[in-house]
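# Residue-level structural notes
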Amino acid sequence: MRTRVLGGWPRQERTLVPIIPLLAMLAAPSALAQASGQGAQLFTQRCATCHSVGEGDRIGPDLHGVLERRDEAWLTRFIKSPGALIDAGDPVAGELLAKFNGVRMPDQSLSDAERASLFAFFRECTQKGKGGCKPSPAEKMGTDATPEEIARGRRLFDGTEPLTHGGAACIGCHDVRGLGIAGGGTLGPNLTFAFARMGEKGMRPALAKLEGPMMGALYAKAPLVEEEQYALKAYLADASRDGSRPRADRDFFYLGVVGLVAALGFIGVVFTTPSERGHS
Ligand code: HEC
Ligand code: HEC
């Protein structure tokens, strides 16, 4: 009995001790996740043109596991001024420069907090494994789109390509200049210059929610997936680059009886399709 007590003491201690840091870790994630979320956004805006995390090399190296293969002090110096390290003859920086075809990464002026949030993001992505950490596509700037993304946005807008959740094509209610001979619907405002007017900051949440009396009813149950939000934003950003002057959009908004009847007919179609789909 005595030996059992003696042996039991350390045993209990052994099980308790690891629990304490574990509890501390459980309490911490909210702050950590927040930093990582900011890092993800920063990455999308400032680094993703040249880097991926877990999706292979682009103009620069894949940053998956970068904190494991380099030390943090070196990374901090590198990100701040890759050129300075290269010019100082740093062997790793020189090797990277050679491997990436002599393309020099531009210096990044980041605050300590920003750099910490990026590192938190890299850590989280590395834990999730390769491909587990695609930053939210909707966060990429509309003006950074590729021609393919813009083309896809146009197809989604005009209904050539159906929306994932079965939402109505935007063309039913919105026109965009250059959309085709017949043009789009006129129940909603013309969106040719919507991106110029609303900006990245306004357009991103607008597409994520599609609110308003008309759109809210239509898309509440059929929201756009993030890739669709991005493609549509890219298309609208591209449309608003059209150098000519905006037409008086509102003229189209207050339309005549004919248009209204047509639009109501259209909504009727939209609202009946889901149930009809069930029968087919
Ligand atoms: C214009 C393209 C470009 C942008 C933007 C860019 N990088 Fe780079 N990055 C590169 C290239 C190219 C290299 C390879 C080294 C070189 O040639 O300068 C590199 C290398 C790196 C490395 C070293 C990777 C390794 O394997 O050691 C890190 C870390 C890095 N970049 C982080 C960032 C971060 C963080 C950002 C955004 C804040 C960023 N980069 C933005 C092009 C870019
Ligand atoms: C049933 C008609 C209808 C459909 C379909 C529709 N919209 Fe709208 N949309 C409207 C109306 C009407 C407005 C004006 C605000 C309001 O009353 O909701 C609007 C407003 C907007 C605005 C804000 C424009 C501004 O200048 O403030 C954006 C952006 C927008 N729609 C994008 C879309 C996209 C993208 C789609 C397709 C996924 C879409 N809409 C589909 C009717 C529609």
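What you see as residue numbers is a count from 1 along each chain, following the sequence as written. Chains and ligands are labelled sequentially in the order written, the chains with letters from A and the ligands with numbers from 1. The predicted origin of the model limits local features to residues at a pLDDT of at least 70 and limits the giving and counting of side-chain atom pairs to 80 or more, whereas totals for whole chains, interfaces and linings rest on all residues. Here the side-chain values reflect all heavy atoms present in the structure, with hydrogen atoms and water set aside.

Going by what an unreviewed UniProt entry lists, the protein is known as Cytochrome c.

### Details of empty space enclosed by the protein
Grid points spaced at 1 Å and placed over the protein atoms alone form the basis of the search, with a cavity being a set where a 1.4 Å probe fits but cannot get out and a pocket an open set showing protein on both sides within 12 Å along at least five of seven lines. Lining residues have an atom within 4 Å of a point. Grid points are joined across faces, edges and corners, and a volume is the space filled by probe spheres set on the points. If you walk through the whole model with that rule in mind, you get 1 cavity of 30 Å³ or more. Looking at the largest cavity, its volume works out to about 30 Å³. Around the largest cavity, the lining residues are A138, R204, L207, Q229, Y230 and K233. Segments assigned H or I by DSSP are reported as helices when at least four residues long, segments assigned E as strands when at least two residues long, and all are numbered from the N terminus. For the lining of the largest cavity, the secondary structure elements donating two or more residues are helix 10 (194–209) and helix 12 (226–239). Here the lining of the largest cavity gets 3 residues from one element, more than from any other, and that element is helix 12. A breakdown of the residues in the lining of the largest cavity according to their chemical character gives 3 nonpolar, 1 polar and 2 charged. Residues are grouped as follows: nonpolar covers Ala, Val, Leu, Ile, Met, Phe, Trp, Tyr, Cys and Pro; charged covers Asp, Glu, Lys and Arg; every other residue, Gly included, is treated as polar.

### So, the coordination of the iron atom of ligand 1
Coordinating donors are taken as N, O and S atoms within 2.8 Å of the metal, stretched to 3.2 Å for Na, K and Ca; because water is absent from the atoms, sites can appear incomplete. Taken together, H51 (NE2) and M105 (SD) make up the protein donors of the iron atom of ligand 1, found 1.9 to 2.0 Å from the metal. Each label reflects the angles at the metal, where four donors whose angles all fall between 85 and 135 degrees are tetrahedral, four or six donors whose opposite pairs open beyond 155 degrees and whose other angles stay between 65 and 115 are square planar or octahedral respectively, and the rest are irregular. Classification of the site at the iron atom of ligand 1 rests on its 6 donor atoms, whose angles at the metal span 87 to 178 degrees, yielding the label octahedral. Of this pair, H51 sits in the loop between helix 3 (29–46) and helix 4 (66–69) while M105 sits in the loop between helix 7 (91–99) and helix 8 (112–128); the two residues are 54 residues apart in sequence, bridging distant segments of the chain. M105 gets classed as partly exposed once you look at its relative accessible area, which sits at 24%. Only protein chains enter the calculation, and the probe is 1.4 Å; a residue is then buried if its accessible area is under 20% of its type maximum, exposed if over 50%, and partly exposed in between.

### Here we look at helix 9 (residues 147–158)
Working rule for helices: expected span equals 1.5 Å times residues minus one. Over its 12 residues, helix 9 extends 17 Å from the first C-alpha to the last, a length consistent with the 16 Å expected when each residue adds 1.5 Å. All of the buried residues along helix 9 are I150, G153, L156 and F157. When helix 9 is viewed along its axis, its buried side chains cluster within an angular range of 120 degrees and face the same direction. For helix 9, exposure combined with an orientation more than 90 degrees from the buried face picks out P147 and E148. Relevant arc is that of directions from the helix axis to the C-beta atoms, nothing else.

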